[in-house]
Amino acid sequence: MARGLRLSAELVGGVIVGAGLGLGFDYLVGSSPWGFIVFLLFGFAGGVLTVMRSAGVIPPRNV
Amino acid sequence: MAADPIHQFQINNLFPLGTVGGQEIAFTNSALFMGISVVGIVLLMITATAGRSLVPGRAQSLAELSYEFVADMIKSTAGTEGMRFFPFVFTIFMFVLFLNVLGMLPLAGFAVTSHIIVTAALALLVFFTVIIYGLAHNGLRFFKLFVPSGIPIYILPLIVFIEIMSFLSRPISHSVRLFANVLAGHITLKVFAGFVVMLGAFGVGGWLGAILPLGMTVALTALELLVAFLQAYVFAILTCIYLNDAIHPGH
C-alpha cells in the first residue's frame, strides 16, 4: 500500500500543479479555459514522468 | 459507542497565546505533541551522548545508530558533499519519526503528521532550501536541472516544460505521501477497533465474532509502527534526493 500511495501521490501532485498553474494563467491572461486545458495536460505529463522515474521504468535524472 | 474515526484528528486549543491580525493564535494539542517530540529528541541526543563512553550503553548506541543511519542515507544519495546538510536532514528525520511514533501512543496519542499543513510546511521548507541553495551554490547552472542532456532540439522546449511541471509537483507529492499514509493508517485502525466494540454489543456470539477484528487491530498496530518508521525514512530520503539536485544539478 505504501508504494501505491507514493506513486499515486506523485501522479495526482503533477495534475494538481498543472491545474493550479493553468487556472492562474487563465486568471492573469483571460484565456479561459485554454490555459487550464493545456497546463493540465502538461501537469499530467509531468506527473507520469515523476511516477516513471520513481518506479524505475526510466533511469533517474543524473545519467 | 460508535466511534467516529475522524474525531481523533480534532485540533483542540489548550490555552490562547494572543491574536495576530484578528486571528486567535492558541497553543493546541498539535503544538503540544510537536513540543514533546522536540524535547524527547533533545533529551535523547544530549543525555545519551553525555557519557561519551568508548563502549556505548543502550541509550548511547541508540543515538549513535540514528546518527549512522542518517549519515549513510545522505552519503549514499547526495555524496559526501551532502553531509553539509546533515543537521537539516537529521532534524527532519527525527522530528517526523518522533511525531509518527507519538501518534501511535494508545489513548493519548495525537498524530500530528496526519495534518497536511504540517507535512506541507516541512515539504515546502525542503523545496525552498533546494531552490535557494541551488541558485546560491550553482548560479544559473542550477537551471540545467530542467534540461536533460541528449535531447533533440526540436522537442527540447516541450521536455523542459514537463520537467518544470515535474519539479513543481514535488512538494505536493512529498507532503501528501506522509500525510495520506498516517491519516489512512489511523482511520483504518480506528474503524477496525470500532468493529470490536460494535460486535461486542451483540452478546456472546458477537464476542466470538469480535475476535477477527481484534486480531486485525493487533496486526494493524504493528503495521502502523512499521509505517511510522518507514514514512519518516521515505520523507528523509526524498529530502536527500532533492538536496542532491541542488548540490549537483544537471550532469
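Now for a look at the structure at hand.

Cut-offs and rules
Residues numbered from 1 in each chain as written. Chains lettered and ligands numbered in written order. Predicted model: local features only at pLDDT ≥ 70, side-chain atom pairs only at ≥ 80, totals over all residues. Heavy atoms only, no water. Helix = DSSP H or I, 4+ residues; strand = E, 2+ residues; numbered from the N terminus. Expected span 1.5 Å × (residues − 1). Buried < 20%, exposed > 50% of the residue type's maximum accessible area, 1.4 Å probe, protein only. Contact = heavy atoms within 4.5 Å. Core = buried A, V, L, I, M, F, W, Y, C linked by side-chain atoms within 4.5 Å. Buried area = accessible area lost by both parts, 1.4 Å probe. Salt bridge = Lys/Arg side-chain N within 4 Å of Asp/Glu carboxyl O. Polar contact = N/O pair within 3.5 Å; in protein donor to acceptor, adjacent residues only side chain to side chain. Nonpolar A, V, L, I, M, F, W, Y, C, P; charged D, E, K, R; others polar.

1. Description of helix α4 (residues 116–138) of chain B
Turn by turn, an α-helix covers 3.6 residues, leaving residues three or four places apart pointing in a common direction. Residues and elements named next belong to chain B. If you check α4, its first and last C-alpha atoms are 32 Å apart, about what 23 residues at 1.5 Å a residue would give, namely 33 Å. Turning to α4, its buried residues number three or more, namely V118, T119, L122, A123, V126, F127, T129, V130, Y133, G134 and N138. Looking at the buried side of α4, the elements it contacts are α1 (29–50), α3 (86–103), α5 (156–168), α6 (170–200) and α7 (204–247). Of the residues one or two after α4, G139 is the one with positive phi, at around 65 degrees.

2. Points about the nonpolar core
Residue and element names in this part refer to chain B. Ranked by size, the top nonpolar core spans 50 residues in total, and within it V70, V89 and V130 carry the most contacts. Among the secondary structure elements, those contributing two or more residues to this core are α1, α2 (58–78), α3, α4, α6 and α7. No other element matches α3, which puts twelve residues into this core. In this structure, V130 is in contact with F142, F167, Y242, L243 and A246, ignoring residues within four places of it in sequence.

3. Some details on the interface of chain B and chain A
Between chain B and chain A, the residue contacts involve 21 residues of the former and 22 residues of the latter. Here chain B and chain A share an interface that buries about 2000 Å² over both sides, 67% of which is from carbon and sulfur atoms. It is I162(B), M165(B) and R177(B) in chain B that bury the most area against chain A; as a group they hold 25% of the surface buried on that side. For R177(B), the salt bridge is made with E10(A), and the minimal N-O distance between the two is 2.7 Å. Scanning the region where chain B abuts chain A turns up three residue pairs in polar contact (both at pLDDT 80 or more). For the side of chain B that touches chain A, a count of residues per class yields nine nonpolar, eight polar and four charged.

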